[in-house]
Amino acid sequence: MPYFDKRVYQYTRIIATLAVYIIGTILAIDSQAQKIVKKAIPDKLVVLTFDDAPASQYSIAAPLLKKYGFNATFFVCEFPNFKDSTKYMTWYQIQQLGLMGFEVANHTKTHPGVSHLSKDQFLKELKYIDDQCDSLKIGKTQTFAYPGYDLDAKTLVILQEQNFLFARAGGDRAYDPKTDHPYLIPSWAMNSENIESIHTAILQAKDGKIVVLTIHGVPDIEHPWVTTTPEVLDEHLKFLYDNHYKVVSLKDLAQYMNIENALSQIKPVFVKK
Ligand SMILES: [Zn+2]
């Protein structure tokens, strides 16, 4: 072989080897990601979550959701005035939400900051809600929301031991299932005043990212600083409906995810911008 041809041959071999290596690496990274996301995340996927069991979630939010054909998650707890049915849903009403097809989920019994709880205390808080749900035949809760968005590393271990699928936090950013830990799902909190920022948030549901919203009472009598008027909720829901968004419960995201792989592969990051 002439000297020049030999060099060309050697270079070609080196380039081919490099190309195989690079393509192989890309495919490997891609299949890692596929192992976490088992079904492509569609654009315009939004999760609605309602916290704290105020009475208006049964009387106002649930009928509005039904009007648009949307699903949602209701994170229930028992605040001190829980027995006052003018302020909070009764367990019968919570059961009805479950029978209507909504997800009833765990927000602990007494709404404590979980970082201050021992393992036993946390388990008791979770079990109380599960026992109520069990006795009402709406099944063990499968998702969790941190009261007051208070996060704690040891909580993640307990949630996994208890076979939770997902846990919702705050953070004001979209959820990226490939990089966000399933027990640290970020969300935006809706209220009557932040119409524009919630609207901007909703538009971020694309390119593999999911938008999760936290909503309290509609209105919220005991916690007016997180209240959303029925008109504002309806305005957001109408926008989602008119623009063909898919609105689901948190548990519904399990169809897109290989949660075991996500739990083992994604490192929890507690402060993420
Ligand atoms: Zn709460």
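Residues numbered from 1 in each chain as written. Predicted model: local features only at pLDDT ≥ 70, side-chain atom pairs only at ≥ 80, totals over all residues.

### Re the overall build of the chain
So, step 1. Along its length, the chain carries eight helices and eight strands.
So, step 2. Referenced to the eigenvectors of the C-alpha coordinate spread, the extents of the chain come out at roughly 95 × 45 × 30 Å.
So, step 3. A total of 273 residues make up the chain; the buried ones form 36% of that total.
So, step 4. A separation of at least 24 residues holds for 72% of the contacts in the chain among residues at least 6 apart in sequence. (Helix = DSSP H or I, 4+ residues; strand = E, 2+ residues; numbered from the N terminus. Buried ≥ 20, exposed ≤ 12 C-beta atoms within 10 Å, placed from the backbone. Contact = placed C-beta atoms within 7 Å.)

### Some points on the packing of helix α2 (residues 56-68) against helix α7 (residues 230-242)
So, step 1. One way to put it is that α2 packs onto α7 with a least axis distance of 10 Å and a crossing angle of 20 degrees. As judged from the angle between their axes, α2 and α7 are roughly parallel. Judged by the twist between their axes, the crossing of α2 over α7 is right-handed. Residues I60, A61, L64 and Y68 of α2 touch α7, and the partners they reach there are P230, L233, D234, L237 and Y241.
So, step 2. Looking at the contact of α2 with α7 residue by residue, the classes come out as eight nonpolar, no polar and one charged. (Axes fitted to C-alpha atoms, helices over the stretch in contact; angles between N-to-C directions. Parallel < 35°, antiparallel > 145°, perpendicular 65-115°, else oblique. Left-handed = near helix turned anticlockwise from the far one by under 90°. Nonpolar A, V, L, I, M, F, W, Y, C, P; charged D, E, K, R; others polar.)

### Observations concerning the domain arrangement of the chain
So, step 1. On domain assignment, one finds that the chain holds domain 1 (1-36) and domain 2 (39-265).
So, step 2. Put simply, the middle of domain 1 and the middle of domain 2, counted by C-alpha atoms, are 47 Å apart. (Domains from an automatic or database assignment.)

### As for the pairing of strand β3 (residues 103-106)
So, step 1. Residues of β3 alternate between two faces, with E103 and A105 on one and V104 and N106 on the opposite face, all of them buried.
So, step 2. In terms of strand pairing, strand β2 (residues 73-76) meets β3 through four bridges, oriented parallel. Bridging across to β3, T73 finds its partner in E103.
So, step 3. Between the parallel pair β2 and β3, the chain is carried across by helix α3 (residues 91-99), and the sense of this crossover is right-handed. (Pairing = 2+ DSSP bridges. Right-handed = clockwise from strand over helix to strand, strands pointing away.)

### Focus on unusual backbone geometry
So, step 1. Of note, the amide linkage connecting V218 to P219 takes the cis form, showing an omega dihedral of 5 degrees.
So, step 2. Mapped onto the elements, P219 comes out in the loop between β7 (211-215) and α7.
So, step 3. A positive phi is found at T108, a non-glycine position, where the angle reads about 70 degrees.
So, step 4. Inspection of the secondary structure assignment puts T108 in the loop between β3 and α4 (119-135).

### Things to note about the pairing of strand β1 (residues 45-51)
So, step 1. Within β1, seven of the seven residues are buried, which leaves the element mostly enclosed by the surrounding structure.
So, step 2. Residues L45, V47, T49 and D51 of β1 are buried on one face, and the alternating residues V46, L48 and F50, pointing to the opposite face, are buried as well.
So, step 3. Where β1 lies against β7, five bridges are found, and the strand directions are parallel. When the bridges of β7 are listed, L48 appears paired with L213.
So, step 4. Between the parallel pair β1 and β2, the chain is carried across by α2, and the sense of this crossover is right-handed.

### As for the nonpolar core
So, step 1. In this structure, V46, F74, A167, I210 and L213 are the most contacted members of the largest nonpolar core, which totals 68 residues.
So, step 2. Apart from the residues within four sequence positions on either side, L213 is in contact with V46, L48, T49, S187, W188, M190 and I198. (Core = buried A, V, L, I, M, F, W, Y, C linked by C-beta atoms within 7 Å.)

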